[in-house]
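What follows is each chain in one-letter form.
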Amino acid sequence: MTKKDKDKLIKRLYSGKYAKDTYAEIREYVRGESHKLWEGSCYGMSAVVALNRGKKIHARKYCKSKRGEPYTLRYLDLPENDKRVMSLINYYQLSQTYMQRKTIDCNKKTCSRLIKNAKKNRLQIFGFSHSSGDHEIVLKKYVKTKKGYVWISAYDPNGSKEEIYIKINKKTGKVKSSEYGNMYDCEFIDDFSIFDAIKINRK
């Protein structure tokens, strides 16, 4: 993570009063974590994809591929090839600890909201637990309804392919996918306004 981004994140987290911690404690946390590899930064990668596609940040101005093309979902699968995009991902990954995210538990009552968002092509950051741990992906759009399940396409930071699909049981709100099996403790973010206070760049 670049020093410029480090200092910016520390300042914005502290000025936003996202935590009771002192400035020194936030600084120590960010500087201590920022040297680590991007591996395991699924939240940071998902946040960058969602915010960039939703025009909340402008990753194209921040970093470009070698061919001069803007970073898309496919390019963000390979952040180790560019220190600038790694810094961008880590910026949002490290914000996770202090930001009070407006998450919504995905259950029988709220899954209709998630499905409605997907039908409007409204991006959502989707977090869940599975048999091997916890993960975050970006829900993209509604695909189909079949045998009581709603299919939604998603971007998966872990995947080599650009899209995976999750299936939501309309009656129970339970979620599963071919890649992760049954998903539980699911939650989603469809309000990205919380990110405005720490936005890394502007037009």
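Since the model is a prediction, treat every value here as computed from it, not as a measurement. For every chain, the first residue of its written sequence is number 1, and the numbers climb from 1 along that sequence. Per-residue local features of the predicted model are confined to residues with pLDDT of at least 70, and side-chain atom pairs are confined, for both listing and counting, to 80 or more; whole-chain, interface and lining totals are unaffected and use all residues. Hydrogens are left out, water is left out, and the side-chain values use all remaining heavy atoms of the structure.

## Looking at the nonpolar core
Link 1 in the chain: The set of buried Ala, Val, Leu, Ile, Met, Phe, Trp, Tyr and Cys residues whose side-chain atoms join them within 4.5 Å is what this entry labels a nonpolar core. The buried label goes to any residue with under 20% of its type's maximum accessible area, the exposed label to any with over 50%, and the partly exposed label to all in between, with areas taken from a 1.4 Å probe on protein chains only. Ranked by internal contacts, the top residues of the largest apolar core, which has 31 residues, are Leu13, Val30, Ile57, Tyr92, Ile125, Phe192 and Phe195.
Link 2 in the chain: Under the DSSP-based scheme used, a helix requires at least four consecutive residues in state H or I and a strand at least two consecutive residues in state E, with every element numbered from the N terminus. Elements represented by at least two residues in this core include exactly helix H1 (3–15), helix H2 (23–33), helix H3 (42–53) and helix H5 (83–95).
Link 3 in the chain: Should any heavy atoms of two residues lie within 4.5 Å, those residues are counted as being in contact. If near-sequence neighbours (up to four positions away) are discounted, Tyr92 is found in contact with Tyr43, Gly44, Ala47, Val48, Leu51, Ile57, Phe195, Ile198, Lys199 and Ile200.
Link 4 in the chain: Grouped together as the second largest cluster of nonpolar side chains are 21 residues, Ile104, Cys106, Ile152 and Met183 included.

## Remarks on unusual backbone geometry
Link 1 in the chain: Notably, Lys147 is not glycine yet its phi reads approximately 55 degrees, a positive angle.
Link 2 in the chain: Considering the arrangement of structural elements, one finds Lys147 in the loop between strand E3 (133–146) and strand E4 (149–155).
Link 3 in the chain: Given the relative accessible area of 77%, Lys147 is considered exposed.
Link 4 in the chain: One non-glycine residue, Asp185, lies in the positive phi region at around 50 degrees.
Link 5 in the chain: Along the chain, Asp185 falls in strand E7 (residues 181–189).

## Points about H1
Link 1 in the chain: Helix length check: H1, at 13 residues, gives a terminal C-alpha distance of 18 Å against a target of 18 Å (1.5 Å per residue), a fit within 8%.
Link 2 in the chain: Taken as a whole, H1 has its buried residues at Asp5, Lys6, Lys8, Leu9, Ile10, Arg12 and Leu13. By this rule, a helix spans an expected 1.5 Å times one less than how many residues it contains.

## Remarks on the pattern of salt bridges
Oppositely charged side chains are able to pair whenever their charged atoms sit close together.
Link 1 in the chain: We define a salt bridge as a side-chain nitrogen of Lys or Arg found within 4 Å of a carboxyl oxygen belonging to Asp or Glu. For the coordinates displayed, the defined rule picks out 3 salt bridges.
Link 2 in the chain: Between Lys3 and Asp7 there is a salt bridge, with the nearest N and O atoms lying 2.7 Å from each other. With Lys3 and Asp7 both in helix H1, this residue pair falls 4 residues apart, about one helical turn.

## Notes on the state of the cysteines
Link 1 in the chain: Any pair of cysteine sulfurs within 2.5 Å is marked as a disulfide. By the definition in use, this model includes 0 disulfides.
Link 2 in the chain: Here Cys111 stays unpaired: no disulfide links it, and the sulfur of Cys106, its closest cysteine neighbor, is 6.0 Å away.
Link 3 in the chain: Sulfur of Cys186: no disulfide; nearest cysteine sulfur belongs to Cys106 and is 5.5 Å away.
Link 4 in the chain: A relative accessible area of 8% means that Cys186 is categorised as buried.

## Here we look at the packing of H1 against H2
Link 1 in the chain: Angles shown run from 0 to 180 degrees and are taken between the N-to-C directions of axes, each axis being a line fitted to C-alpha atoms and, for helices, limited to the stretch in contact. For the pair H1 and H2, interaxial distance at closest approach is 10 Å and the crossing angle is 145 degrees. Between H1 and H2 the crossing geometry is right-handed. Two secondary-structure elements touch here, H1 through Lys6, Asp7, Leu9, Ile10, Lys11, Leu13 and Tyr14 and H2 through Tyr23, Ile26, Arg27, Val30 and Arg31.
Link 2 in the chain: Residue classes follow a fixed rule: Ala, Val, Leu, Ile, Met, Phe, Trp, Tyr, Cys and Pro count as nonpolar, while Asp, Glu, Lys and Arg count as charged, and any other residue, Gly among them, counts as polar. Considering only residue class, the contact of H1 with H2 consists of 7 nonpolar, no polar and 5 charged. With the far helix as reference, a near helix turned anticlockwise by less than a right angle produces a left-handed crossing, and one turned clockwise produces a right-handed crossing.

## Looking at the environment of Ile26
Link 1 in the chain: With respect to the helices and strands, the residue Ile26 is situated in helix H2.
Link 2 in the chain: The spatial distance from the C-alpha of Ile26 to the C-alpha of Leu9 is 9.4 Å, given a sequence separation of 17 residues.

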